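Structural description and commentary
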Number of protein chains: 2
Amino acid sequence: MSPTIKDVAKKAGVSIATVSLVIQNHARITTATKTKVLKAIKELNYHPSRSAKGLVTKTTGNIGFILTDDHFLQTEPFYTKIFLGTEFGTRGTNYYVLLATIARDFNSKDELPRFILERSVDGIIIAGKATPDFIERIELLDIPIVFIDYYPTSGNFFTVLIDNINGGIIATKHLVDLGHKEIGFIGGDLPHPSIYDRFAGYKQALEAGGIKFNKKNCVIDEDDPSRPNGYSAAKKLFAQNKKITAIFACNDAMAIGAMQYCTDNKIKIPNDVSLIGFDDVEADIFLNPPLTTIKVPKFELGTEAIHLIENVIKNKSYHNKKKILVPVELIIRNSTRELK
Amino acid sequence: MSPTIKDVAKKAGVSIATVSLVIQNHARITTATKTKVLKAIKELNYHPSRSAKGLVTKTTGNIGFILTDDHFLQTEPFYTKIFLGTEFGTRGTNYYVLLATIARDFNSKDELPRFILERSVDGIIIAGKATPDFIERIELLDIPIVFIDYYPTSGNFFTVLIDNINGGIIATKHLVDLGHKEIGFIGGDLPHPSIYDRFAGYKQALEAGGIKFNKKNCVIDEDDPSRPNGYSAAKKLFAQNKKITAIFACNDAMAIGAMQYCTDNKIKIPNDVSLIGFDDVEADIFLNPPLTTIKVPKFELGTEAIHLIENVIKNKSYHNKKKILVPVELIIRNSTRELK
DNA sequence: AGATTTAGGTTAAACGTTTAACTAACTCTA
DNA sequence: TAGAGTTAGTTAAACGTTTAACCTAAATCT
């Protein structure tokens, strides 16, 4: 049987209250007794019982991580990496993270994840999108929430975001710097803040480069930024303007779809058109040619989210830094080249 | 505040003990009072406090999932998928799964994962390899353990395994059926049971096909079944026997490395040599040509492990089915073809 | 010097369950 | 019809913490 606080108290010759106070390093304890107790703790290899502590403090030590289930089906483990980042972020803290998925189209009939119903978490991290229906239900419970790579436009939420605007800018600027003028943009799910911002960055960089924004160079009506939609978006784009020499895809999945379209239609990348994606997904280096892209530090998004939610839990009236912006980086590979 | 068992008891007009017994559906309770209590539970939306329950039963409701940290660095999320499978497996159970990683070279100086030290798990699932040092330390704690895709050769452990022997057989048989005679095998980390068994399957299928096993056709001295080692193994293999017309790589990572070697040396796949891998990793379909391989159901490995450990925890003297074998499947793509 | 404050610790109640031991009301059986 | 069994529920202790309230001795003040 594991040692309890009583064993420690007896060994150190103090009351259990003192042991408890030492653990929380309360100011009332002298360093003398503190070291005495700490010694006993070490010798017994004592670890407080999370259950007992939880029972009185009404905390669980768990953080829930919620993902829509379609990420399981996607080939790219984008959010899975973020999850791994949260796991890493909990080292040095006293938290564990529990994973759950919800339906992509979560609605009022669906059950909330088990750990929420059972109140087994002290806070929740929501990665990617979640339906308003879901967010509403969670908010009623008034559990601290942190979003990653998404946030409901109504309300002021704690969020860890990718610096999408800047990403859009440097991606587009890269193309402009290479001498391209007819630069296309293909995107899906434009209402999603991330996609929207990438598009905004595209427009800003165009303007900064003295290139007039042209609706003909954009295909933004796909409902999802997926591979097949990248394929069809590329098709539409070339139909709209056959003089396109460069494409900025709102993410790598669409870029891969677009690349496939080009291959199928004898459009050489990067000789005929340059292509840049966004995310820096693992498949990129296997592509032919390897894809130039904007790297999103997925792991870091997770660790940042943990730090943030820790603060929110600790200090419910935590106000500074509601939004944390994680920087991105241009990764030049072989799918873009100077316009001759 | 969440309702407690007292609230339910009051509402249903019974004692809290009765409520508790109803929840565990104990035989002593009549259906009449049972429905009465159940109704109160539903109306109050009552969920028992895991902490309180844990305090008295000395259980936590958590299962630990342990992975060596090098899987984070690998590009292929093989074990991550298995982890996702365990998460899925816990639906309908009362367990949560906690993830932790340990150093690949875990030794006596390293600390055990936090959830083990703090006794926050009722059982542990170990995926892939773990050092003897680690396993020894865990065993002392006498926490139920289930291995996935690995098991220490000494001792009789609960394990969920890939049917590697059969996988090795059908992979090799596929090559034999295509008319190949000079079939190479490249592998790394041969002591690992999974790799060892794939190699065993290779030999069995060769024999069954009336082909004599030839050491010259094998490169099995790489220490890791990684991509770069696949590259060098392919190099060695062709140096040993230039008449090779087909290669069975012990996993997709090595197959990818081998494919790279072939590309670099103008060896056409599948025209000059057929290549088959093992695992069915996501990159496979992006390769040129897409890789024929043996599919291992990663997700299912996870769910099976949860079912197994649940039984082990419930019934410490659980004896039947110490080892569960999960079947594999041949996936024919374009990297193998009939020998003309 | 006596009163008051402070420092450093202890006591005991409370958190929400489970479960062994108990009880009251029936039902048999001889 | 008395006694033994059975059935269905209750009582109360226990689990291992935290923390408000309390205590005592020493330090500080007037």
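Given the structure is predicted, the values throughout are model-derived calculations rather than measurements.

**A look at the overall build of chain A**
- Across its full length, chain A carries 13 helices and 12 strands.
- Taken over C-alpha atoms, the radius of gyration comes to 25 Å for chain A, far larger than the 20 Å a tight globule of 340 residues would show.
- Projected onto its principal axes, the C-alpha coordinates of chain A cover approximately 85 × 45 × 35 Å.
- Taken over 340 residues, chain A has a buried fraction of 54%.
- A total accessible area of about 15800 Å² is found for chain A, and carbon and sulfur atoms account for 53% of it.

**Structural notes on the pattern of salt bridges**
- Counted according to the given criterion, the structure contains 30 salt bridges over all chains.
- Lysine 236 of chain B serves as the salt-bridge partner of glutamate 222 of chain B, at 2.7 Å between the closest nitrogen and oxygen. Of this pair, glutamate 222 of chain B sits in strand S7 (residues 218-222) while lysine 236 of chain B sits in helix H11 (residues 227-240), and the two are 14 residues apart along the sequence.
- Looking at glutamate 222 of chain B, the relative accessible area reads 9%, which means it is buried.
- Look at lysine 236 of chain B and you get partly exposed, because its relative accessible area is 30%.
- Sharing partners across several salt bridges, the network here consists of Lys11, Lys39 and Glu43 of chain A.

**Digging into the protein's contact with DNA strand C**
- The immediate surroundings of DNA strand C are formed by 25 residues, with Thr18, Arg28 and Thr33 of chain A together with Ile5 and Ser20 of chain B found nearest.
- Sugar and phosphate atoms constitute 63% of the interface atoms of DNA strand C, taking the interface as everything within 4 Å of the protein.
- With respect to DNA strand C, the side chain of arginine 28 of chain B contributes an N or O atom lying 3.3 Å from a base nitrogen.
- One of the side-chain N or O atoms of tyrosine 46 of chain B is found 3.0 Å from a phosphate oxygen in DNA strand C.
- Elements with a contribution of two residues or more to the surface near DNA strand C: helix H2 (16-23) and helix H4 (50-57) of chain A together with helix H2 (16-23) and helix H4 (50-57) of chain B.
- Among the elements that make up the surface near DNA strand C, the one with the highest residue count is H4 of chain B (four residues).
- Here the residues of the surface near DNA strand C sort into 13 nonpolar, nine polar and three charged.

**Some points on the relation of the copies chain B and chain A**
- Superposing chain B onto chain A requires a rotation of 180° together with a translation of 0.0 Å along the rotation axis, leaving an RMSD of 0.1 Å. Between the two chains, the operation in question is that of a two-fold axis. In terms of C-alpha distance to the rotation axis, chain B has serine 51 of chain B as its closest residue, with the C-alpha 2.1 Å off the axis.
- Mapped onto chain A, 100% of the interface residues of chain B again fall at the interface, so both copies present the same surface.

**Concerning the environment of isoleucine 135 of chain A**
Residue and element names in this part refer to chain A.
- With respect to the helices and strands, the residue isoleucine 135 is situated in helix H8 (residues 132-140).
- Accessibility expressed as a relative area gives 6% for isoleucine 135, which makes it buried.
- Considered as a pair, isoleucine 135 and tyrosine 151 are 16 residues apart in the sequence and their alpha carbons are 9.9 Å apart.
- When neighbours within four sequence positions are excluded, isoleucine 135 is seen to be in contact with Ala130, Phe147, Tyr150 and Pro152.

**Overview of helix H12 (residues 252-264) of chain B**
Residue and element names in this part refer to chain B.
- Look at H12: 18 Å from first C-alpha to last across 13 residues, which is about the 18 Å you get at 1.5 Å a residue.
- Among the residues of H12, Asp252, Met254, Ala255, Ile256, Gly257, Ala258, Met259, Tyr261 and Cys262 are the ones counted as buried.
- Structurally, H12 contributes buried residues whose contacts are with strand S6 (183-188), S7, H11, strand S8 (246-249), strand S9 (274-276) and strand S10 (293-295).
- Of the residues trailing H12, lysine 266 is marked for its positive phi of about 60°.

**Focus on the protein's contact with DNA strand D**
- Contacts to DNA strand D come from 25 residues, most closely from Ile5 and Ser20 of chain A together with Thr18, Arg28 and Thr33 of chain B.
- Sugar plus phosphate: this is where 64% of the atoms of DNA strand D within 4 Å of the protein reside.
- Taking tyrosine 46 of chain A, its side chain carries an N or O atom lying 2.9 Å from a phosphate oxygen of DNA strand D.
- Contact distances for DNA strand D include 3.1 Å between a sugar or linking oxygen and a side-chain N or O atom of lysine 58 of chain B.
- The set of elements that each furnish at least two residues to the surface near DNA strand D consists of H2 and H4 of chain A together with H2 and H4 of chain B.
- A total of four residues in the surface near DNA strand D trace back to one element, the largest contributor, which is H4 of chain A.

**Quick word on the packing of aromatic side chains**
All names here are of chain A.
- Under the definition given, this model contains 35 aromatic pairs over all chains.
- Judged by centre distance (5.0 Å) and plane angle (80°), the rings of phenylalanine 78 and tyrosine 79 are edge-to-face.
- On the basis of relative accessible area, phenylalanine 78 is assigned to the buried category, the value being 8%.
- You can call tyrosine 79 buried: its relative accessible area is 8%.

**What to know about the sheet that holds strand S4 (residues 145-148) of chain A**
Residues and elements named next belong to chain A.
- In space, the six strands of this open sheet follow the order S2-S1-S3-S4-S5-S11, with parallel pairing throughout. Where the open sheet ends on each side, the last strands, each with one partner, are strand S2 (96-102) and strand S11 (323-326). Each neighbouring strand pair of the sheet contributes to a mean axis angle of 20°, computed without reference to strand direction.
- Note: strand S1 (residues 62-68) against S2, seven bridges, orientation parallel. Opposite isoleucine 63, over in S2, you have valine 97 as the bridge partner.

**Observations concerning the state of the cysteines**
- The tally for this structure, following the rule as stated, stands at zero disulfides over all chains.
- With no disulfide of its own, cysteine 218 of chain B lies 12 Å from the sulfur of cysteine 250 of chain B, the closest cysteine sulfur.

**Structural notes on the domain arrangement of chain A**
Residue and element names in this part refer to chain A.
- For chain A, the assigned domains read domain 1 (5-48), domain 2 (62-163 + 299-327) and domain 3 (164-296).
- Taking only C-alpha atoms, the centre of domain 2 and the centre of domain 3 are 29 Å apart.
- Across the boundary between the two partners, domain 2 contributes 12 residues, which contact 17 residues of domain 3.
- Here domain 2 meets domain 3 over a buried area of about 1200 Å², counting both sides, of which 48% is carbon and sulfur.
- When the area that domain 2 buries against domain 3 is broken down by residue, the three leading residues are Glu76, Ile162 and Asp163, summing to 40%.
- Taken together, the connections running from domain 2 to domain 3 amount to three salt bridges.
- A salt bridge links aspartate 189 to lysine 129; the shortest N-O distance between them is 3.0 Å.
- The interface formed by domain 2 and domain 3 holds eight residue pairs in polar contact (both at pLDDT 80 or more) in total.
- Along the lines of polarity and charge, the residues of the side of domain 2 that touches domain 3 split into five nonpolar, one polar and six charged.

**Some remarks on the interface of chain B and chain A**
- Between chain B and chain A, the residue contacts involve 43 residues of the former and 43 residues of the latter.
- With six residues, the top contributor of residues to the side of chain B that touches chain A is strand S2 (residues 96-102) of chain B.

Calculation rules
Residues numbered from 1 in each chain as written. Chains lettered and ligands numbered in written order. Predicted model: local features only at pLDDT ≥ 70, side-chain atom pairs only at ≥ 80, totals over all residues. Heavy atoms only, no water. Helix = DSSP H or I, 4+ residues; strand = E, 2+ residues; numbered from the N terminus. Rg over C-alpha atoms; globule rule 2.2 N^0.38 Å. Buried < 20%, exposed > 50% of the residue type's maximum accessible area, 1.4 Å probe, protein only. Areas by Shrake-Rupley, 256 points an atom, 1.4 Å probe, with all protein chains shown as cover. Salt bridge = Lys/Arg side-chain N within 4 Å of Asp/Glu carboxyl O. Near = heavy atom within 4 Å. Polar contact = N/O pair within 3.5 Å; in protein donor to acceptor, adjacent residues only side chain to side chain. Nonpolar A, V, L, I, M, F, W, Y, C, P; charged D, E, K, R; others polar. Least-squares fit on C-alpha atoms with pLDDT ≥ 70 in both. Contact = heavy atoms within 4.5 Å. Expected span 1.5 Å × (residues − 1). Phe/Tyr/Trp six-rings, centres within 6.5 Å; stacked < 30°, edge-to-face > 60°. Pairing = 2+ DSSP bridges. Axes fitted to C-alpha atoms, helices over the stretch in contact; angles between N-to-C directions. Disulfide = S-S within 2.5 Å. Domains from an automatic or database assignment. Buried area = accessible area lost by both parts, 1.4 Å probe.

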